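Coordinates in review
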Amino acid sequence: MPEGDTVWNTARVLERALAGARLTGSDFRVPRLATTDLTGWSVRESASRGKHLLLRLEAPADGSRWTLHSHLRMDGAWRAYAPGERWAARPAHLIRVVLRAPTATAVGYHLHEVALVPTVEEARLVGHLGPDLLSDDWDPAEAVRRLSARPDTAIGPALLDQRNLAGVGNLYKSEVLFLRGIDPRTPVRDVPDLRGMVALARELLAANRGRWIQSTTGSLRRGQTSYVYGRRAQPCRRCGTAVRKEELGERVTYWCPTCQPGTPA
Ligand SMILES: [Zn+2]
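Description of the structure in this document.

The rules we used
- Residues numbered from 1 in each chain as written.
- Predicted model: local features only at pLDDT ≥ 70, side-chain atom pairs only at ≥ 80, totals over all residues.
- Heavy atoms only, no water.
- Phe/Tyr/Trp six-rings, centres within 6.5 Å; stacked < 30°, edge-to-face > 60°.
- Buried < 20%, exposed > 50% of the residue type's maximum accessible area, 1.4 Å probe, protein only.
- Helix = DSSP H or I, 4+ residues; strand = E, 2+ residues; numbered from the N terminus.
- Donors = N, O, S within 2.8 Å, 3.2 Å for Na, K, Ca; no water.
- Tetrahedral: all angles 85-135°; square planar, octahedral: opposite > 155°, others 65-115°.
- Expected span 1.5 Å × (residues − 1).
- Contact = heavy atoms within 4.5 Å.
- Pairing = 2+ DSSP bridges.
- Axes fitted to C-alpha atoms, helices over the stretch in contact; angles between N-to-C directions.
- Salt bridge = Lys/Arg side-chain N within 4 Å of Asp/Glu carboxyl O.
- Polar contact = N/O pair within 3.5 Å; in protein donor to acceptor, adjacent residues only side chain to side chain.

A closer look at the packing of aromatic side chains
All told, the structure shown has four aromatic pairs when counted by the stated rule. Both rings, one in Y81 and one in W87, keep their centres 6.2 Å apart while their planes meet at 20 degrees; by these two values the pair is stacked. With relative accessibility at 27%, the residue W87 sits in the partly exposed group. Residues Y229 and Y254 carry aromatic rings whose centres are separated by 5.2 Å and whose planes lie at 70 degrees to one another, so their mutual orientation is edge-to-face. With a gap of 25 residues between them, Y229 in the loop between α6 (194–207) and β9 (244–248) and Y254 in strand β10 (residues 251–255) connect regions that are remote in the sequence.

Laid out in structure tokens, this is it:
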């Protein structure tokens, strides 16, 4: 599931494959960019902002700076292939973008929100985001301020709202709330120590940078990587109670009703 750490890793894949290179070809299989040709463009850098990918480019004609934006949502991915390597990661009909460089080809599968915008206008795409959990300028106080601004929202959906803090998806939401002992339906105003909660979210995401297995338990063994996420009806690792799964604010969430007791009505 692409959450902030996966997107961060993906940005590094693109950085290693393309940064500093002059593109030798491109192929956009999205209607809006179907006629775009980035041949001759230089790749300056690859960055992530929350769950958004930003590939920064320079146009050969006038040196203008552009950003190729993409979003992985639930199922997108970028892969880098060596020259001559078979593009085997996903079925070809899912390919949305191909960027060819002399030493690598980057292929984007099932990408969403693919857009090419002047870099100075990046804010139109990512300016609404709260502090980025994996960015060097991560600002926990600002994340807490934004969460606290809507005190009646349940903490589960509030953690997913990228305007509050950027990078948390269903996995980390479920796991952070379990580790803090908080029922996901608890209103933000009743959650003790929001600062500690966002600090833990950052710690969990940061621990998974540089690898594709997402673990919040410290174990990388199959079936051992989460406390509650993906474990409906299985016994809680702490207390043995059956883990619950329910829709909450249109997204599923997992929790242990014993370790995460609800606030009494
Ligand atoms: Zn439990």
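Regarding the coordination of the zinc ion
Around the zinc ion, the protein contributes the donor atoms C236 (SG), C239 (SG), C256 (SG) and C259 (SG), at 2.2 to 2.4 Å from the metal centre. One can describe the donor arrangement at the zinc ion as tetrahedral, given that its four donor atoms subtend angles of 99 to 115 degrees at the metal. Positions of the donor residues of the zinc ion along the chain correspond to the pattern C-x2-C-x16-C-x2-C. Note that C239 is positioned in the loop between α6 and β9 and C256 in the segment after β10, a separation of 17 residues in sequence. Residue C239 is classed as partly exposed on the basis of its relative accessible area, which comes to 34%. Under the relative-accessibility criterion, C256 is labelled buried at 0%.

As for α6
The terminal C-alpha atoms of α6, which comprises 14 residues, lie 20 Å apart, in line with the 20 Å expected from a rise of 1.5 Å per residue. Inspection of α6 places L194, G196, M197, V198, L200, A201, L204 and L205 among the buried residues, and these make up the whole buried set. On its buried face, α6 sits against α1 (4–18), α3 (140–148), α4 (155–160) and α5 (170–180).

Observations regarding the sheet that holds strand β6 (residues 95–100)
Ordered by their spatial adjacency, four strands build an open sheet running β1-β6-β7-β5, and the pairing between neighbours is antiparallel. Edge positions in the open sheet fall to β1 (25–28) and β5 (77–81), since each of these has one partner strand only. Strand-to-strand twist of the sheet, defined as the mean angle between neighbouring strand axes without regard to direction, takes the value 15 degrees. Where β5 meets strand β7 (residues 105–109), five bridges bridge the pair, whose relative direction is antiparallel.

Remarks on the pattern of salt bridges
All told, the structure shown has 16 salt bridges when counted by the stated rule. Here E58 ties to R65 by a salt bridge, and the two come within 3.6 Å at their closest N and O atoms. Here E58 falls in the partly exposed class, since its relative accessible area comes to 26%. With a closest N to O distance of 3.6 Å, R150 and D161 form a salt bridge. With R150 in the loop between α3 and α4 and D161 in the loop between α4 and α5, this pair connects stretches of sequence that are eleven residues apart. Relative accessible area serves as the criterion here: at 37%, R150 is assigned to the partly exposed category. One salt-bridge network, in which partners are shared between bridges, spans E45, R56 and E122.

Quick look at the pairing of β10
Along β10, four of the five residues are buried, which leaves the element largely enclosed by surrounding structure. As judged from the five bridges shared by β9 and β10, these two strands associate in the antiparallel manner. Across the sheet, residue E246 finds its bridge partner in β10, namely T253. Linking two consecutive strands that pair antiparallel, namely β9 and β10, is a turn of two residues; a positive phi of about 60 degrees is found at G249 within it.

Re α1
Along its 15 residues, α1 runs 21 Å from first to last C-alpha, staying within 8% of the 21 Å computed at 1.5 Å per residue. Counting buried positions over the 15 residues of α1 gives twelve, a clear majority of the element. Burial in α1 covers these residues: G4, D5, T6, V7, W8, N9, T10, A11, V13, L14, A17 and L18.

Focus on the side chain of H71
Of note, H71 is situated in strand β4 (residues 65–71). For H71, the side chain forms a polar contact with the main-chain nitrogen of R73, separated by 2.9 Å. The residues contacting H71, other than those within four sequence positions of it, are K51, H52, L111, H112 and E113.

Quick look at the sheet that holds strand β8 (residues 112–118)
Taken together, the four strands give an open sheet; going across it, the order is β2-β3-β4-β8, and neighbouring strands pair in antiparallel fashion. With one partner strand each, in any of the chains shown, β2 (42–49) and β8 form the two edges of the open sheet. Shown here is a sheet whose adjacent strand axes are inclined to one another by a mean of 15 degrees, direction ignored. Of the strands in this sheet, β2 and β3 (52–58) are in contact with α1, which crosses β2 at around 170 degrees.

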